[in-house]
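Here's the letter readout for the chains.
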Amino acid sequence: MSTNDLTCRHTGRARIATASSAAFTIAAYLTSITSPALAEVYDLEPIVVKVNAIHPSQTVRSEVENMFTNPRSASGVGGSEIQNLNAINTSDALRFTTTGMVNQPFSGDRFGGGTKIRTFGDWGASTSIDGLPAVKFADEEGGGYSSSRIPTIAIDRIAIQKGGRGVQYGDGTDGGVVETSIKSGRGYDRHLAGTVDISTAEERVYQLEAAHGEKYWDIYAAGRIFDGNYGGEPANLDKQDIEGAVAKVGLNPSDSTRIEALAIVNDSETRIFRGGTTNDIDSESLFLSATVDHAFNDAVSTRVGYLYSDTDTLWPARSRDRSIEIGTAFGDLYHTRSLAEGVDYAGSIGFEHKHTNYLRDNQWDAEFTDISLKHSSAVTFDHNLTLTAGLRHTWFENDIKLNGVKQPDNLRTDSLFSWEAGAAYSIFDMTRIRANVASGYNRFYEKYGNFGTDALNPAGAGDEIVESLTYEAGINQGWGWGYADVAVYTTEQQNVPRRDAGAIQNVTVDQSGVELEVYADVTDDFSASLGYVHIFELEAERADGTKANGSIFFGSNGVNVPEHQATLRLDYRITDDVSLWGAGLVSDGYTQTDANGVTTERKSFERIDLGAAWRINEHVALRVRGENITDEKDYGQTLEGAPTNTVGKLGSVFWLGADFTL
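Residues numbered from 1 in each chain as written. Predicted model: local features only at pLDDT ≥ 70, side-chain atom pairs only at ≥ 80, totals over all residues. Heavy atoms only, no water.

Chemist: An account of the overall build of the protein is needed here, citing residue identities and associated values.
Modeler: On a plain count of helices and strands, the protein comes out with 5 helices and 33 strands. Long-range pairs, those at least 24 residues apart, make up 66% of the contacts in the protein with a sequence separation of at least 6. Carbon together with sulfur atoms contributes 57% to the accessible area of the protein, which is approximately 24000 Å² in total. (Helix = DSSP H or I, 4+ residues; strand = E, 2+ residues; numbered from the N terminus. Contact = heavy atoms within 4.5 Å. Areas by Shrake-Rupley, 256 points an atom, 1.4 Å probe, with all protein chains shown as cover.)

Printed below as a string of structure tokens:
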């Protein structure tokens, strides 16, 4: 969906039953939060709130960013849907509500979920918090919930920004970026809300948020406690405890300046059964950021800031101690102006200095330094035709130590250009077409350790930066009661590392597909949202021109490709206080072709959730949800013709929840 055609939902309380991404808006920076004093049941219809949600110092930046992303595709979901579909694991909620996310086998159940966006030659997309430069997180390993670093009550929305995003976000942007926006205290008046959720799987989730805003300052804070006592159901999992908190503080010295600080902390302690014994796994994360927005006048503004991310997982029984620490300083200057009557310009120039420290199992100590200069421009004619162009130049430096010994420089690419160009045009009042070409890049530092010492072998390709290039065309057709959006894309990834006889052999990975999103207010009380993804092709080619088929990273294994996936979300408001909803995901199975051309098929599967909400009074609402009501326990893991192993796999789960707002 074009970001120009998306609309936003933002609630001022704890989130309750709504079941669709509907027509989510990235342009939400231009809309606002009102702060209702009642616990309200929401339908799917997109709500555009008309009070300004951003500080005046951020107006120029928002205008520039929205014009530049006008020809791009994105798919998103509001925090209420996320919290209702999976109050712990955001990746699980995203598969119901967005297109572009690749839901592969062994990552398809309620606990897990990958972050691949359109591409298979990487291990997942990077994450941007509040639109800041992208970061990568260390994997949460072993079992239990992953993608649990941010309390879902604190999430305003998540956007899947599709296609190469190197110009805007930097590293890890081969096929897109997962952008998570955190609530702010702006617009709230002594707000306090919370949720309690209990499941038949012996899980309990407690979340609380508080917010308040004044002219010169605002604050938002939220916390979550999760307690899961599984006792071997599923078979590998004993228990998991998660504690997390978010705090965002804004200071407004004047209408020209806003200072904002964000802190996110999380700790997940999991006990699993493995090899007849119990293993304890501890995953911790810390994210800090500070930004200053300043408007020099109505047409020029700047933002400078620094972010710090530290994520790690400790698994003593397997001698695993893995962490990713990132520090990024950044700054941008934004400018808008009228070039002529009916011709408007918006652009930016900026810099980033990023330092990454990747530690693995007390053996690898790898440091990566990236320094970037970037520029973006957008020109709009008669408030319709928009042309965009962007360029980023990044310089790279490695410092690799193995067992305390500094390794020779194996970096094959000292610098590269990322670029993009696009156009969007409304051929009719509610029909907008778009096209763009955009590159992304990926440091792929997971090759150190995961691929042994292959990257240090001078006989191979060493450490090359993975580069991607996406071509895309799309159309958004609106009508008075909904919209339909179609995007067709093809992406090529070059320099994707593959293990080959103790060295790295690069391959080129081509993938293409089509995405469809439809939203409709069928009646005044009933709304529906449909998503569909079809992957046309996946092909990997070695440097010598021979085909590796679906085998990308090592050996003769193949990559599981979901050819067809569809989601459907329904919302029916019985009365003003009572609503029903449903959400379903269907996959027709997976085709896997190995390096020898042998093809295997994995079974199709479905996942269906049903829920209801009742607003008892202005301050309290009750929710019920049936998760996985068809008792699916496979998620595409089983080969066609083979029996499904359901031993110890968690199937249907039922939830009872309550929301309150004071």
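Now that the structure is up, let's keep going.
Chemist: Hey, could you go over unusual backbone geometry for me, with residue numbers and the actual values?
Modeler: A cis amide bond links Glu 233 with the next residue in sequence, Pro 234, at an omega value of 10 degrees. Structurally, Pro 234 can be placed in the loop between β7 (217-229) and β8 (237-254). Positive phi outside glycine occurs at Asp 130, with the angle close to 55 degrees. Considering the arrangement of structural elements, one finds Asp 130 in the loop between β2 (127-129) and β3 (155-162).

Chemist: Help me get a handle on the sheet that holds strand β1 (residues 74-78), residues and values and all.
Modeler: One open sheet accounts for 4 strands, arranged β1-β3-β4-β2; its pairing is mixed. Strand pairing shows two members of the sheet lacking a second neighbour, β1 and β2, which therefore form its edges. Sheet twist, expressed as the average angle between the axes of neighbouring strands with direction ignored, equals 20 degrees. By the bridge criterion, 5 bridges tie β1 to β3 in an arrangement that is antiparallel. In the strand pairing of β3, Gly 76 is matched with Ala 159. (Pairing = 2+ DSSP bridges. Axes fitted to C-alpha atoms, helices over the stretch in contact; angles between N-to-C directions.)

Chemist: Requested: an account of the sheet that holds strand β30 (residues 599-602), with residues and values cited.
Modeler: Spatially, β26-β29-β30 is the arrangement adopted by the 3 strands of the open sheet, whose pairing is antiparallel. Both edges of this open sheet fall to β26 (561-562) and β30, since each of them pairs with a single strand only. Both strand β29 (residues 590-593) and β30 contribute to a ladder of 4 bridges, which runs antiparallel. Bridged to Thr 591 within β30 is Glu 601.

Chemist: With reference to specific residues and values, describe the pairing of strand β12 (residues 320-340).
Modeler: Consecutive residues of a regular strand have side chains that alternate between opposite faces of the sheet. Pairing of strand β11 (residues 300-315) with β12, which is carried by 16 bridges, proceeds in the antiparallel orientation. Residue pairing in the sheet places Val 304 in a bridge with Gly 331 of β12. Linking β11 back to β12 in an antiparallel pair, the connection comprises 4 residues, with Ser 319 at a positive phi of about 55 degrees. Two elements, β12 and strand β13 (residues 343-360), share 18 bridges in a ladder whose sense is antiparallel. Of the residues in β13, the one forming a bridge with His 335 is Gly 347. Linkage of β12 to β13, two consecutive antiparallel strands, is achieved through a turn of 2 residues, within which Gly 342 is found at a positive phi near 80 degrees.

Chemist: Pulling in residues and values, what's your account of the pattern of salt bridges?
Modeler: Summed over all chains, the structure comprises 43 salt bridges. Between Glu 352 and Arg 392 there is a salt bridge, and its shortest N-O distance comes to 2.7 Å. Placement of the pair is Glu 352 in strand β13 and Arg 392 in strand β15 (residues 385-402), with a sequence separation of 40 residues. Glu 352 gets classed as buried once you look at its relative accessible area, which sits at 4%. Looking at Arg 392, the relative accessible area reads 1%, which means it is buried. Close ionic contact of Lys 401 with Asp 399 constitutes a salt bridge, the shortest N to O distance being 3.5 Å. Since its relative accessible area comes to 24%, Lys 401 is described here as partly exposed. Residues joined by salt bridges that share partners form a network here, namely Asp 92, Arg 95, Arg 110, Glu 203, Arg 607, Asp 609, Arg 625 and Glu 627. (Salt bridge = Lys/Arg side-chain N within 4 Å of Asp/Glu carboxyl O. Buried < 20%, exposed > 50% of the residue type's maximum accessible area, 1.4 Å probe, protein only.)

Chemist: Mind laying out the pairing of β11, listing which residues take part and the relevant values?
Modeler: Of the pairings in the sheet, the one linking strand β10 (residues 277-295) to β11 comprises 14 bridges and is antiparallel in character. Paired with Ser 283 across the bridge in β11 is Thr 313. Hairpin connection, β10 to β11: the antiparallel pair is bridged by 4 residues.

Chemist: Describe the side chain of Arg 615, listing the residues and the values that go with them.
Modeler: Within the secondary structure layout, Arg 615 lies in strand β31 (residues 605-615). Under the relative-accessibility criterion, Arg 615 is labelled buried at 19%. A distance of 2.3 Å separates polar atoms of two side chains, one belonging to Arg 615 and the other to Asp 577. (Polar contact = N/O pair within 3.5 Å; in protein donor to acceptor, adjacent residues only side chain to side chain.)

Chemist: Please set out the nonpolar core residue by residue, giving values where relevant.
Modeler: Counting residues in each nonpolar core, the largest one holds 68 residues, and the members touching the most others are Ile 264, Tyr 448 and Ile 552. By residue number, the principal contributor to this core is strand β24 (residues 526-542), which donates 4 residues. Formed by 16 residues, the second largest nonpolar core is a distinct cluster that contains Ala 87, Tyr 145, Phe 226 and Val 653. (Core = buried A, V, L, I, M, F, W, Y, C linked by side-chain atoms within 4.5 Å.)

Chemist: Which residues make up the packing of aromatic side chains, and what values do they have?
Modeler: How two aromatic rings sit relative to each other is set out by the distance from centre to centre and by the angle between their planes. The final tally for this structure, using the stated rule, is 13 aromatic pairs. With centroids separated by 5.3 Å and ring planes inclined at 55 degrees, the aromatic side chains of Trp 479 and Trp 481 adopt a geometry described as tilted. Taken together through their ring pairs, the aromatic side chains of Tyr 358, Trp 364, Phe 368, Tyr 445 and Tyr 448 make up a single cluster. One Lys or Arg, Lys 136, reaches over the ring of Tyr 445 and ends 5.7 Å from the middle of that ring. (Phe/Tyr/Trp six-rings, centres within 6.5 Å; stacked < 30°, edge-to-face > 60°. Lys NZ or Arg CZ within 6 Å of the ring centre and 35° of its normal.)

Chemist: Help me get a handle on a nonpolar patch on the surface, residues and values and all.
Modeler: Residues Tyr 216, Trp 217, Ile 219, Val 249, Leu 251, Ile 259, Val 292 and Val 304 make up a contiguous nonpolar surface patch of roughly 640 Å² in combined accessible area. Every element with two or more residues in the nonpolar patch is listed here: β7 and β8. Note on placement: Tyr 216 falls in the loop between β6 (203-213) and β7. Since its relative accessible area comes to 49%, Tyr 216 is described here as partly exposed. (Patch = residues over 30% accessible without salt bridge, like charges linked within 9 Å, V, L, I, M, F, W, Y side chains within 5 Å.)

Chemist: If you had to explain helix α3 (residues 90-97) to someone new, which residues and values would you point to?
Modeler: Counting buried positions along α3 gives 8 out of 8 residues, so the element sits mostly inside the fold. Taken together, the buried positions of α3 are occupied by Thr 90, Ser 91, Asp 92, Ala 93, Leu 94, Arg 95, Phe 96 and Thr 97. Buried residues in α3 make contact with β1, α2 (79-85), β3, β27 (564-573), β28 (578-587) and β31.

Chemist: Would you mind going over the environment of Leu 650 in detail, with residue names and values included?
Modeler: Within the secondary structure, Leu 650 sits in the loop between β32 (620-627) and β33 (653-661). Owing to a relative accessible area of 16%, Leu 650 belongs among the buried residues under this scheme. Distance in space between the C-alpha atoms of Leu 650 and Lys 633 is 6.6 Å, their sequence separation being 17 residues. Each residue touching Leu 650, except ones within four places of it in the same chain, is listed here: Arg 110, Phe 111, Ala 201, Glu 233, Pro 234, Asn 628, Glu 632 and Lys 633.

Chemist: Quick one: what's the story with the confidence of the model for the protein, residue by residue and with numbers?
Modeler: Low-pLDDT stretches of the model should not have their predicted coordinates read in fine detail. Scored by pLDDT, the protein has a mean of 87; 89% of the residues are at 70 or more. Across residues 1-52 the pLDDT falls below 50, and counting only partners more than four positions away or on other chains, this stretch makes 221 contacts in the model. (pLDDT = per-residue confidence, 0-100.)

Chemist: Account for a negative patch on the surface, with residues named and values stated.
Modeler: A cluster of acidic residues, Glu 563, Asp 588, Glu 601 and Glu 640, forms a negative patch at the surface. Taking the relative accessible area as the measure of exposure, Glu 563 reaches 32% and is therefore partly exposed. (Lys, Arg positive; Asp, Glu negative; His and termini not counted. Charge placed at Lys NZ, Arg CZ, Asp CG, Glu CD.)

Chemist: Help me get a handle on the environment of Thr 115, residues and values and all.
Modeler: Positionally, Thr 115 belongs in the loop between α3 and β2. Thr 115 sits in the partly exposed class, given a relative accessible area of 24%. In the structure, Thr 115 is positioned 12 residues away from Thr 127 in sequence and 9.1 Å away in space, judged by C-alpha atoms. Sequence-distant contacts of Thr 115, that is, excluding residues within four places in its chain, are made with Ser 91, Met 101, Gly 124 and Ala 125.

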